[in-house]
Amino acid sequence: MKQDIFQAIADPTRRAILTLIAIQALTPNAMAEKFDMSRQAVSKHIKVLQECELIKPEQSGREIYYHFNPKKMQEIDTWLAQFRKIWEARFNQLDNVLSTIKKQKK
Amino acid sequence: MSMTLFFDFIVDKTENTINIKREFAADRPTVWDCYTKSEILDQWWMPMPWKSKTKSMDFREGGQWHYAAVGPNGEEHWSITSYVKIEPQKMFLANDAFGDVDGNINQQMPQSKWTMNFSDMEQNTLVHGIMQFTDLAQLEQTIAMGFKEGLIMAMENLDAMLAKR
């Protein structure tokens, strides 16, 4: 589940698709055209992105437009913030160790 | 301690690196010891409520630090840091990997190259750590695992966080 998102965005083409969709909802045909890819290749990427809810389909007439789901991207940011926090906590502990060492030296 | 110490954290997804810079209020030899002596590393390396427990430490080129992150319920996650290059009180280069209690490296888990640079910042010391991953997927996986530990760290917020999902 969680891991899938990271695998989904680890692919450069899928990251490019996401960037494009974030600006404007697109049909699979439009994506294939923009990236000069086969419909089949685009469908594969769409499947991965849709499975981890990074994009959402919306029917409009005969066409399906894919929309960007910003909520999922925020989740990734949350993970990053947590990772940063671990390092902050680690460094705060080192500050304490250093101040203890300093006191011992005095 | 109320003074502000420099802290910078940058994830570069085009280079597959995580850059972490931090200033410490101590001289370079002292900070160097904190990063290279296991008895001091065990005091700070794992964020609470996790603890670092050293099985063996051989800080020299070709040597290893074999240690576990011990969780609040006694769960152990073993790591192996292999030292590649050392310039005393200036820098060291190491390979960081997950492993088991016997010191076998787990090839399924992400590995990274760490470069730690130590420099003077007036009377303080700046440590610039660069974690280099082989590919973006490994970087992302590391961050995702960091999230798991982060959750444990923030026990009191666990319910609220789970409710948000």
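Note that the structure is a prediction, hence the values are computed from the model and not measured.

(A) Broad picture of the overall build of chain B. A count of helical and extended segments in chain B gives four helices and eight strands. Of the regular secondary structure in chain B, the N- to C-terminal order runs β-β-α-α-β-β-β-β-β-β-α-α. Across chain B, every contact between residues at least 6 apart in sequence was considered, and the portion connecting residues at least 24 apart equals 34%.

(B) Local environment of the overall build of chain A. Of regular secondary structure, chain A possesses five helices and two strands. When the helices and strands of chain A are listed from N to C terminus, the series reads α-α-α-α-β-β-α. Buried residues in chain A amount to 21% of all 106 residues. Counted over contacts in chain A with a minimum sequence separation of 6, partners at least 24 positions apart contribute 49%.

(C) View of the pairing of strand β1 (residues 7-12) of chain B. All names here are of chain B. Little of β1 is tucked away: zero of the six residues are buried. Across six bridges, the pairing between β1 and strand β2 (residues 17-24) is antiparallel. Directly across from D12, in β2, lies its bridge partner T17. Where β1 folds back onto β2 in an antiparallel hairpin, the turn is made up of four residues, including N16, whose phi is positive at roughly 55°.

(D) Main features of unusual backbone geometry. Not every positive phi belongs to a glycine, and N16(B) is a case in point at roughly 55°. In this structure, E122(B) takes a positive phi of about 55° despite not being glycine.

(E) Fine view of helix α1 (residues 28-36) of chain B. Residues of α1(B) that are buried include every one of V31(B), W32(B) and C34(B), and no others. Along the long axis of α1(B), the arc covered by the buried residues comes to 160°, so they all point the same way. The inward-facing, buried residues of α1(B) abut α5 (70-105) of chain A together with β2, α2 (38-44), β7 (112-121) and β8 (124-133) of chain B.

(F) A look at the confidence of the model for chain B. Residues and elements named next belong to chain B. Per-residue pLDDT for chain B averages 83, and the proportion of residues at 70 or more is 85%. Ranking the helices and strands of chain B by mean pLDDT puts β7 first, with 96, and helix α4 (residues 158-164) last, with 38. Overall, residues 150-165 carries pLDDT values under 50, and its contacts beyond four positions in sequence, including any with other chains, amount to 10 contacts. For this predicted complex, the interface confidence reaches an ipTM of 0.79, while the overall pTM sits at 0.68.

(G) Broad picture of the nonpolar core. Grouped together as the largest cluster of nonpolar side chains are 15 residues, with contacts concentrated most on L18(A), I21(A), L49(A), L54(A) and I55(A). Among the elements of the structure, α1 (2-10), α2 (12-23), α4 (39-51) and β2 (63-68) of chain A are those that each provide at least two residues to this core. Not counting the four nearest positions on each side in its chain, L54(A) is found in contact with I5(A), A8(A), L18(A), L49(A), N69(A) and K72(A). Residues L94(A), L98(A), A26(B) and V31(B) belong to the second largest nonpolar core, which totals 14 residues.

(H) Broad picture of the environment of L136(B). Residues and elements named next belong to chain B. The residue L136 is located in helix α3 (residues 136-153) in this model. Note on L136: 19 C-beta atoms within 10 Å, which makes it partly exposed. When the C-alpha positions of L136 and T14 are compared, they lie 8.0 Å apart, and in sequence the two are 122 residues distant.

(I) Representation of the packing of helix α3 (residues 28-35) of chain A against α4(A) in the model. Residues and elements named next belong to chain A. Contact pair α3 / α4: the axes reach a minimum separation of 9 Å and the direction vectors enclose 115°. In terms of orientation, α3 and α4 fall into the roughly perpendicular class. Handedness of the α3/α4 crossing: right-handed. Where α3 abuts α4, its residues P28, M31 and A32 lie against R39, V42, S43 and I46. In terms of residue class, the contact of α3 with α4 is built from five nonpolar, one polar and one charged.

(J) Geometry of the packing of α2(A) against α4(A). All names here are of chain A. One can describe the packing of α2 onto α4 by two numbers: an axis separation of 10 Å at closest approach and a directional angle of 75°. Taken as axis vectors, α2 and α4 run roughly perpendicular relative to one another. For the pair α2 and α4, contact is made by T13, R14, I17 and L18 and by H45, V48 and L49, respectively.

(K) Broad picture of α2(A). Residue and element names in this part refer to chain A. Helix length check: α2, at 12 residues, gives a terminal C-alpha distance of 17 Å against a target of 16 Å (1.5 Å per residue), a fit within 8%. Here α2 has its buried residues at I17, L18 and I21. Buried residues of α2 fall within an arc of 100° about the axis and therefore sit on the same side. Residues of α2 that are exposed and point over 90 degrees away from its buried face: P12, T19 and I23. On the buried face of α2, the contacting elements are α3, α4, β1 (55-60) and β2.

What counts as what
- Residues numbered from 1 in each chain as written.
- Chains lettered and ligands numbered in written order.
- Predicted model: local features only at pLDDT ≥ 70, side-chain atom pairs only at ≥ 80, totals over all residues.
- Helix = DSSP H or I, 4+ residues; strand = E, 2+ residues; numbered from the N terminus.
- Contact = placed C-beta atoms within 7 Å.
- Buried ≥ 20, exposed ≤ 12 C-beta atoms within 10 Å, placed from the backbone.
- Pairing = 2+ DSSP bridges.
- Arc of directions from axis to C-beta.
- pLDDT = per-residue confidence, 0-100.
- Core = buried A, V, L, I, M, F, W, Y, C linked by C-beta atoms within 7 Å.
- Axes fitted to C-alpha atoms, helices over the stretch in contact; angles between N-to-C directions.
- Parallel < 35°, antiparallel > 145°, perpendicular 65-115°, else oblique.
- Left-handed = near helix turned anticlockwise from the far one by under 90°.
- Nonpolar A, V, L, I, M, F, W, Y, C, P; charged D, E, K, R; others polar.
- Expected span 1.5 Å × (residues − 1).

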